[in-house]
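Given next are the chains, with one letter for each unit.
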Amino acid sequence: MEDNGEKRVSMAEAGGGEGGSGLTSGGPSSQMGILTAQVLLKKGKRYAAKYLRDECLRNLSPEDSQIPRTQVLGELLDLLLNPAMRIKNWDTIDWLKWLMAAGRTPDDFFNTVRRYDNATTCGLVWTANFVAYRCRTCGISPCMSLCAQCFQEGNHEGHDFNMFRSQAGGACDCGNSAVMKESGFCHRHGSQAQLNKPEVPPDLLAIADALMPRIFLRFIQHCREHSLGTLDQVLVAMEESSLFLDLLQDLSRLGAAMRKTMTKSLCNPKVYSELTRSSSNHSNKEYQAQSRKLYKDALNSIPFGEVPPGYQDVVTLNGPLIHKTFLDEIVFWTVKFEFPQKLVCLLLNMLPDTEYEDAFARAFVQHYSRISVMLVQSTDSETLSNRVVHVSVQLFSDQDLAYRMTDSFHLLHVMIVSLKNMMKSICVPSTLHDKLRNSHRVVNCADHVMKNHCYWPLVSDLNNVLSHKPIAVKFMSDPRLIQEWFSFLSMFQGMNVNVRELTQHVEFEPQTYYAAFSAELEASASPMWALVSHLRDSETRHYTFSVLKECLHALNNWFTAVGFSHSDLGDPYQVSFHLPLHRYYSVFMCQAVKAQGAQLDEVLPPQDLLHLIMVHPLRLQAAFYEILSGMWVRNGLQIKGQAMTYIQCHFCNSMVDADLYLLQICAGELPPDNFILTALDRFHVLESLSVSPRASNSFLDSEHEMTILESCLTFLATLMTVRTNIGLSESELAQLEMVTLLCMGDKTHSQLMEFMPEKCGSAAQSRDFEAVLNKVSSYRAPNFEASGTMQQGMYIPRDEVWENLYDPIYILLRAVQRRDFQASLDRFKLFCKQSGKMSSSGNLWPPFRLPGNVTSPYTDPQRIIACRSFHAVLFMLLYKALNEVSTTDHLLALTVYLLELAVEYQAKHRSQGGEVMAAQFYDGVIEADDDKPDGQFCKWFVTDDIFTNVNSVVSRIHLNPTPSVSSCSDGELDGSDLEMDELEGGEPRLALHEAPRPLPLPAGCELVLYHQGATAVVSSGALPTTPETPTQDLMSPLALPPPTLTPTSPVSTPTNMLVPMTHTPDGASTRASLPAPVQYPSLLAGNEVGRIAGNGRSSSNNGPSCSNRGHHGRCFMLQHHYHQRTRRPAGPTKALLPATDGSSPPAFQASPPTPELSHFSSLPQLDSGDEYVAVDESIISLLIKLHSKLTGKPNSYRPNFSDTSDSRIGDGPFFIAKLLNKIGRNDPSAKQGILDTISCIYCKREEDSSASSEEEARAREEKRKRAKERQKRVMAEFANRQRQFMEQNRAEAAEFEASGNDAMEVEEEQPERHKEYDCVICNQSIPSTPERPVGLVVLLQATSVLGHRTSSQKPLSVPTSDSERTRLKQRRFTLGQYMEERADTLNRHFDYNSWLVSMNIGWEGGVHVQTCGHHLHLDCHQSYLLALRSQNRQNNPLNVDKGEYSCPLCRQLGNSVLPISPEIGDLSALVKHPSTCDNDLVEEVDRLLHDLTVPTFSSSLTNAMARMMEDMTVATYAKYRNVSSNPSTPSLFMFVSSILRTNLEVELVQRGGILVYQAQDVKMDVKRSCLMSLLHVLGFHSKILSGGGDSGVGGGLHWIRQTWASITQRPVIGSEGAVTPREREVPLLLRDPVTLLLQLILLLPSRIDQGYIRCVVGNVYRVAVVGAAVSALRSLNESQREQATTSGPLAPLLALAHNTLRDSPFFCDDQVPLADHTQETWTVNDVTCQVRETCLLFLRIAALLKAHLMEENSPMIVDPIAECGALEQYLGVWDICSVVNSAIMGNMCGTYHASEVSSPVETRLGNLAGGARVWCSEVATFASQAQVAASTLLTTVHFSQPRLLRLPHSYDAVFQYYHRRQCSQCNGVPKNPSVCLLCGTIVCLREPCCKQQEVCECVQHAIDCGAGTAIFLVVNASTVIVIRGPRVCLWGCIHLDSFGEEDRELKRGKPLYLSEDRYRLLEQQWLSHSFDHTNRSWIWHRDIL
C-alpha cells in the first residue's frame, strides 16, 4: 500500500491525468481554462451544470454523432477526476451527478431519463442468495430465470415452475425471446410493450455523453494503479472504487437511453485511443508512461498454455491480448482481479443494450483462455467459478449470440483447448496394467484442480453452448474438434486406479474418488448427453458415425498407450471405474441404432477389437461385485463408496448402463462359449465349479466363494434380461425405473423425481412421468400422530406392481445399498401374505421376470446361455445345490432362473424355425463319452440344444491326474505297498507313494476305489468327520435310495473290514455273506469318487440317471450320501475312525474324535492313476431330487405339462416344478425323460424302503406304548396328590366358616383404608402420609394462552400486506390487554388491598400445572435427582440443577413434585353440614371461616407443599408474578388464587370453551387432572396468607367474612349492625364473581360437603346474575332499556337495577357503545341471551370446580341451548337463582305472554331483591364519582377461544411480503425473518441486531408474547420453530406442496400450501401445553435466537 501512495504524489505533481490531453489544446489558453474551471467550482454545482449544458449544446450539431467536446468541461473534469486524488470521494460523485443533470436536480434528472426507457428486456441483475423463479413451461433455455416482479406480473398459472435461491447470481430474462417464450413475458417487457415510448430529447443526455469517457478512464487508471497488488489488496482497491461503480450501476438502471450513452463510450475505439495516447504535457506524459508500463506488465502476468498444432489460425488462442475499447480493458481487469462482484454486476446490467451485448461477448471470448489460467491460480476457486458462470450463462444461453461467437471467434476451440491445457498441467503416469509398458498419462485426482472443481465453469459453458443444436452440429462436423475432445477425454480414461489391499488395512483412505466421479460426470458425460440430444433422426447419422470413428481411434490409441493386447488378462487386483471412451462409444452406438436407424455392422468394430473393448468393462463388473462381497474391505469405506456411486441414480445412465449395453453387444456378437468362459474366468469361479474333494479356489477365500458365485450369476442374469437400451421405449423404461424405486420403499413425489435416473446435464424428466406414476402407484395423503410424528404424502406401489412388474434383477442393478434389495423382498413377501398368495412353506423365492424381446437389429444376449458350456455350468450348480449344504437358496434360485431362460430362449428359437448350431469355438470333434473332464465344460455335451442336454446323463467326471489305487490281482491287499512312518508320538502312520494323501470324507459317505479287476467298499463310518462337516441334513426324511445301488445298501461293519463286491453278468453288484444292515434312505446318493489305474476305463450305459453301471473285475467303492468339498487342511492327513457299534446308521452318529490313520493298517495303497467322481445324474434328475429336497417329501413332484400359468409368486418347489413342466411341454423327448426319471427314482425308492418302513412302524408302535404307560403313572400320581389336597382343604374350610362371622364384624368396625399410590421408583404401594408423602410428577410452566383470547369473533390472520397489518392492530384486542386495563382502572379508583382481591391475574404468564399421572415418594424423588446430578451433563437435555427430570416410567418431562394430601380419598376428613336449611348453611360457612386455623410447618408434607409453592413462584417470570413492585399479602393471595383460576380456565379451553359434548367434534385430549392435589396446596398457602395478622383487608380473616356477609346480606357473626361497606372498597358487582368463588373455596376446609359447595356457589351466582343484568342494561339505549324492563322474563330484575341506577350518571347514552342490533332488529330476547352468556362464564368454571372437589365427572350436556340450565341444575342453583326458567324458554319458543310478569317486582325477585338493591346502590354511588370507570368496569366483553393467527392458503403470499421486509426493531432486513404466529410480529432470528440485555429478539419476544412459549414461522425456510423456556425445537412444516411434501429451506421451490391438519395439530399442542411431551428434538437456545 505504501508504493501506491508514492504514485499518487507524483501524479499530483503532474497536475492532472492523461485524460486532459484529449479535451484541451494545451498552451497559454490552457491556463485560462483552468482558471475558468476553478471559477465554476466556486459557483456551485447547479450553476456549473447549466453553464456546461449550454456549452455542450453549442458544440453539438444535429449531424454530429461524436461525443460533444468543450474545453471548460475537460478542464473541470481534470480537476474532479485527477488520478492523484482518492477515487473514493463522495463530493466528486455528487459533482458528476449534478453535471449530468444539466441544471436539474439529480433525482429529477433520473426520473426524466427513466420515462424514456424503451428497453424490451428486464435485465435485472442479482447476486447470490437472491430469490428468483424458473418456469420450465415458458423456458427455452434450461438456464432461464425471472425476477419476482416479472414472474408475479406474468401469467404462469398451471405452469411447471419453482422458486429458487440463486447460488452464483443471475439476471432476469423477461422480454428475451431467445431464452423464453413470449407468452411468459410480463406486461412491462417484450416487443409490444414499448411501442409508444417517446424519443429522447437531444439535450437531455448531452453532458452525460461528454462525461462518460472520462469516468471510465478514471476507473481503468485506478485498476492499473493496483495491478501489482495481491488479491486482498485488489479487494481493498475495488472497495475504494465502490462509489464509482455504484454511480455507474445506478446510471445503467435508468433504462435504455442511458445504457446507449454508456455503450457509446465503452465501445468507441477512437475515444479509447485518444484518451489513452501519449500527452504533450510533461507531467501527463510521465504519468501515462508509468500507467502503460503497469498495464503491459499486467497483460503479461496471465500466460496461456500450449496451443495444439493446427490451431495457429485461432486468433483467440494465439498472440498477446489487444484492447481497442474501454470495454476490452475493463473485461481484462475483471479477469485479472478475479471478477469483483460490483464490476460483474455493472457489466451485466448493460446487457439489455444489443450493441453492448455483442461487444461484451467478443471481449469475454477474447479473454476466455486467460480465465482458465486464473481458475487454476486462484486461492478461492469456488467464488471465482460462481462469478465466471454468472457472466457466461447470460451470454451463452442466447443461441444466436453463442453461434456468432463460435463462428467468428472459434468459441468451441477456445473452450476445448482451455480445458485440455488445464488438465494437461496436472497429468501423471497411469498405473493401470504393467507400468513398464504403460506410457499413458491421466489426470491426478488429488490435485486441487480436480478436488476444487476448477474446471467446472469451462465445462458448464461448454454444456450450455452444446445445448444449442447449430453449435453441437458444428462441433460434430469438425474432425479437428472431435480429435481434440477425445484427446481431452483420454486423460480421464483409467484414472484413479484402485489396487486391492491383501495383507493389512489401508492406513489412509483417499477421497480422490469424489473428484474422479465428478469430473467424469461433468466433463465427460454431460457434454456427451448434450451432443446425443441432437441426434434424433437419420439425417444426423453421419455426425454420429464421425464421433464413433474418432472414438474407436482414441480407444485403439489408448490400448497401445497402456500396453494392452489380446494376450493380456489384466491385473485382477486393479480396477478403475472410469472408462469415458468406452462409454462414449457405447452411448453413440446405442443412439445410432435406436434413433437413427443404423445397422450394427455399420457401427461395430472388428471382433478382435471388440474383444479388447469388452475386457475392461467386464473387469469392472467383476470388481464391482467383489467390492460388494467384502473382498476389498481392507481398502476402507471409500472403495464401497465408489461402487455405490457407480450405480447411483445420477451416474447410472452414464456409467453402469453404458457398460452393460457394451457388454450386451459383445455377448451378442462374440462366440457364446468364449464370452461365458471369459466371464466366469473374470469372476474367478471356474475353480469353484470343480467336484474334486481336494479342489480349492486359488483366488477366492472360502468366505467369499459362494458370494462371488452368486454375484457371477446375478451379473449374467442382469446381462441377459435387462432391456434398458435394447428393448424398452422411453415410457416403458420410466415405468420400470419408477416401479424399482417404489418397490424398495414408499417414496414422496420429490424423491421419485430426484432418484429417477437422469442423463446428466438434462434435468428434464419423462414427459409422461405423472401418467406413469398414477398407473403404478397409489397416493397416501399426509398424516400425523398426536405424539408429534408427521408423515408426508407418499406414493405406494399398487398390487399389480408386485404381481407383474416387480423385478428383483433390476432392483439389484439399481439398489445402491444391498439392504434396499432386501427391503423390496420383505415388502414383496408382506404383499403375498396380505393377499393370500404366500406359499405353504413361507419361503418365497424372488420373482425373477422373463425378459422381453430385443429390438432389431440387436442380437438377444440370451444367446450366450444357448451354449453347451453354460449348460454344463448349470449342471454343476444344480449338482452342488443337491450335494453341498453350503449352497444358498439365492444361488439355487438364480440357477433355476437361468436354466428357465435357456429353455425359454431355445423354445422360442425353435418356434421361429431356428436350428441349434454345434459349437464352433473348439476345434475337433467332441467325443460322446460318459466321463466328463472336470472344469472343461465345453466338452461335456455334444450339442448346444438345451432340451437334449437336460436329458443327458453325466456318468462320471474326470479329475486332474492323481495317484491311483494299487491292489493285488486277487483282491487281497498287499502290505508291501504301504509304508509305516513314525510320528512324533511313536505311532505309525500310513504313507502314500508318489501322491498326497486323500482327504477324509464326511460321515455317511463311502469311498469308491476302482482298479482293474478289483473293487472295494469302505463305509464312511470308518472315516474321520471333520469339524466343518455338517451332519444335520442327514436326519432329513428326504432321503431316497441311490438308483445305482443294490437293494441292500453298503454300510459299515463293526470290524471295519473292507467288504469285497462282485458283479453279475447283468451288471448287478452282490456282496459277500454279511448280515443285513440297518437301512436308511438317501435322496442325495449316487455319487462316487475313485481312481482308474493305467488305461483302464469303466463303461456305462447311456440313459437316464437311474440306469445301472457295470464294472469289470473287482473294485473298492465308497459311496457318500451327499458331497461336500472342503479345502485341503494343513498338516498330515487325519486317520480313519473305527465304525460304531451298529446300533444306528453311521450318518446318525455324532462326530467322534479323529484318530491317526495307523488304526487302519489294512487299507489298500493308492497308486498313481486317473481320479474321477461317479455322478450318474442329468439336469432333469437333479431338478426332481431338488424338488423333493426342498419340499421335504419324497416323490413330491407331480408333472403337469399343460400348466401355462405365468405367475411368478412361489417358493423353490414351485419354480422347479414350473421349469420341469416347461421343459416337458416344449420337447417330447425331454418330457419322456422326466417321466422315466420319476418312475425309476421313486419305484426303487418304494421297494428299497418297504422293509425299513415296517421296522419303523414297529418302533413307533413300541414307543407309543411306552408313552401311554408313562402317562398312566403320571396321572395316577397326580390324582393321589389332588385327593390329599382336597381332604386337607376341607378341614380348613370348616374351621374358616366357624370364625367367618366374627371376622366380618371386625372388618366392619375397621375404618376405611387410605388410598394407596404406586411409586414408580421404588414400586411400593402405600398411602400418602404426613411423614412420608407421595407426590405427582408435574411440569410447571408459564402460560399466556388465556391472554391471547381476542374480542374478535372472527379468526385473525397473519398480515400479508400493509393494510392487513394495520387492520390486525386495530382488531386484535386480547384478554390480556383487557385485564391489564381493568387492573389499572381499579388501581386508580379503589383501595389497593381491596382491588387486589377483586380480580385474578395470570392471563399472561400464569402458572400451568400438568401431570403424566405417575406417583413417587418425595424422598425417592430427591434420590433420583441426586443420581441425575451425578451423571455426565454433556449434551444433557435436562437442567437438573433447576429440578428438571424425566418421569422414570413414561419419560415425560417434569420439574416438580405435587404432594398429595392424605385427606384426598379419605371420607373421614370430609366436613359435613349439620342441616339443610339455607340460612343455617350461610351461618355455617361464616363459622367455618371464623374457626379457620392457620396450619404450621411441622411435617414432611407441609415442607413439600412449601417447596411446591416456591417452584410455582419461580415457574413464571418476575413481571407476571405481581401487579406492583411492592409485594404484599393481598398481592400474594391474588397470585395464589390466580394459579387455580389459570388451571381451571386452561382446562375449559382444552374442552373447547364449553361443557357441551358433541360426538362428532374431536376434542383435545385433556391431561390427567392434578387439580385436587393442587387445590390442597393452594388452600394451604391461602390460609397462611389470610391469617397472617392485620395485613389483610380488615385484618386477619375478617375481610373474607366481610365479603361473605356482603354476598349473603347477613351480618358478620360476632359483630353488631348491618353490613356497611368501607370507603374506597370495590363494589361487589365490580368484583369478578369467579374470583370471589375461588377465594371462598380456598379458605374453606379442603374437604367440605356438597351442601357447602351448593351454598357458596348459589350465593355468589346471585351476584353474577345481578352483575350480568346491570351489564346488559348498560349496553342498551334508553328506548331499549324501557322495553327490557317492562317485558320479558328478566324484566323484574332489570327493572329493579334500572330503578336503582336511574338517578345516577351510570346510564349515559353518550357513553353507550353502538349496539350490534339496530332498533328495528333488536328484541327482548337479545337481553336474555346476553345475560345468559355472561352467566355461563361463571357457571362453567363453577361446574369444573365442583367436579374436581367431588371427584366426579362434569355433567354430560348434549344440547348447547340447554347448557346454562343443565349447569344450574348440576350446581344446585336452579331453585336459588336461575336465568333459565319456563318463562324464558317459552319466550324463546314464541309462547311468552305479557301477563306472566304483571306481579310486583319485589314479589317476583323474592330474597334477591334486597341484595340486588344494595349492590346496585354501591355501583350508583361509584358512578356518581367516576361515571366512565363505572361504565367501563361493568361493560362485559366476550372473548373467543385462543387461536393462532390464520395463514393464507398459498405460502407465496407470506414469503413475498416478509422475506425482504424490515424488522420493526432495527429497521434492517433480517437474513432469517420470522413471524410470530401468536401476534404477527416480525423478528430477526439468530441475529444480534435487536439484542436486549444479551438476549436476542426471538427469545425476548417469546417472553413478552407467550411467557416463554412462542411459535415462529421462519419465512426463508418454511419451517416452524417453537421456543419453550430455555429450549427450542424445529417443529416441522405447516406448508406442503401439491403432493403433500415439505420443502425445508425452500430447496425445491415448489408452490406450497397450508396443511390445515398440521396447523390444527400445532394449535392443539399450544393450547394443551404439550410441546415438551410431543417433540423430542429440543436443544438449548442459550438466548441467541
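Only a predicted model underlies this, so the values are computations on that prediction, with no experimental measurement involved.

About the thresholds
Residues numbered from 1 in each chain as written. Predicted model: local features only at pLDDT ≥ 70, side-chain atom pairs only at ≥ 80, totals over all residues. Heavy atoms only, no water. Core = buried A, V, L, I, M, F, W, Y, C linked by side-chain atoms within 4.5 Å. Buried < 20%, exposed > 50% of the residue type's maximum accessible area, 1.4 Å probe, protein only. Contact = heavy atoms within 4.5 Å. Helix = DSSP H or I, 4+ residues; strand = E, 2+ residues; numbered from the N terminus. Pairing = 2+ DSSP bridges. Axes fitted to C-alpha atoms, helices over the stretch in contact; angles between N-to-C directions. Patch = residues over 30% accessible without salt bridge, like charges linked within 9 Å, V, L, I, M, F, W, Y side chains within 5 Å. Areas by Shrake-Rupley, 256 points an atom, 1.4 Å probe, with all protein chains shown as cover. Salt bridge = Lys/Arg side-chain N within 4 Å of Asp/Glu carboxyl O.

Caption draft 1: Expanded view of the nonpolar core. Leu99, Met258, Phe360, Met450, Val465, Phe492 and Phe715 are the most contacted members of the largest nonpolar core, which has 300 residues in total. Once residues within four sequence positions are removed from consideration, Phe715 is found in contact with Leu618, Gln621, Tyr625, Leu660, Leu663, Ala679 and Phe683. Counting 208 residues, the second largest nonpolar core, distinct from the first, contains Met163, Leu1694, Leu1701 and Cys1898.

Caption draft 2: Just unusual backbone geometry, in detail. Here Ser856 and Pro857 are connected by a cis peptide whose omega angle stands at 10 degrees. Position of Pro857 relative to the elements: it lies in the loop between α39 (818-834) and α40 (868-883). With a phi close to 60 degrees, Glu338 is a non-glycine residue in the positive phi region. The exposure class assigned to Glu338 is buried, which follows from its relative accessible area of 14%. Even without a glycine there, the phi angle at Phe339 is positive, about 55 degrees. Following the sequence through the fold, Phe339 ends up in the loop between α14 (326-336) and α15 (341-349). Its relative accessible area of 3% is what places Phe339 among the buried residues.

Caption draft 3: Quick peek at the sheet that holds strand β29 (residues 1873-1876). Pairing is antiparallel across the open sheet formed by six strands, whose spatial order is β30-β29-β31-β32-β33-β36. Every other strand in the sheet has two partners, leaving β30 (1882-1884) and β36 (1978-1980) as the edge strands with one partner each. Direction aside, neighbouring strands of the sheet carry axes that sit 35 degrees apart on average. Across three bridges, strand β33 (residues 1927-1932) lies against β36 in antiparallel orientation. Opposite Arg1927, over in β36, you have Trp1980 as the bridge partner. Contacts from helix α67 (residues 1897-1906) reach β29, β30, β31 (1909-1914) and β32 (1919-1924) within the one sheet, and its direction differs from that of β30 by about 145 degrees. The strands that helix α68 (residues 1956-1967) touches are β31, β32 and β33; relative to β33, the one it contacts most, it runs at about 155 degrees.

Caption draft 4: Focus on the side chain of Ser145. Along the chain, Ser145 turns up in the loop between β2 (131-135) and α7 (148-153). Using a relative accessible area of 4% as the deciding quantity, one classes Ser145 as buried. Residues in contact with Ser145, not counting those within four places in the same chain, are Trp126, Tyr133, Arg134, Phe164, Ala171, Cys172 and Asp173.

Caption draft 5: Representation of the pairing of β31. Across the six residues of β31, six count as buried, placing the element largely inside the fold. Side chains Thr1909, Ile1911 and Leu1913 project from β31 onto one buried face, and the interleaved Ala1910, Phe1912 and Val1914 project onto a second face that is buried too. Relative to β31, β29 runs antiparallel, the two sharing three bridges. Residue Cys1876 lies in a different strand from β31, and its bridge partner there is Phe1912.

Caption draft 6: Representation of α14. With 11 of 11 residues buried, α14 lies mostly within the body of the structure. Within α14, burial applies to Phe326, Leu327, Asp328, Glu329, Ile330, Val331, Phe332, Trp333, Thr334, Val335 and Lys336. Glu338 occupies a position one or two residues after α14 and carries a positive phi of about 60 degrees.

Caption draft 7: Main features of a nonpolar patch on the surface. There is a patch of nonpolar side chains on the surface, built from Tyr1557, Met1756 and Val1758 and spanning about 360 Å² of accessible area. For Val1758, the position within the fold is in the loop between α60 (1724-1749) and α61 (1763-1771). Its relative accessible area of 59% is what places Val1758 among the exposed residues.

Caption draft 8: Spotlight on the sheet that holds strand β28 (residues 1456-1459). Strand order in the open sheet made by the three strands is β25-β24-β28, with antiparallel pairing throughout. The open sheet terminates on both sides in strands that have one partner only, identified here as β25 (1406-1417) and β28. Ignoring strand direction, the axes of neighbouring strands in this sheet form an average angle of 40 degrees. Taken strand by strand, helix α53 (residues 1529-1550) contacts β24 (1334-1343) and β25, and its axis lies near 85 degrees from that of β25. Across the sheet, helix α54 (residues 1571-1586) lies against β24, β25 and β28, angled at about 80 degrees from β28, the strand it touches most.

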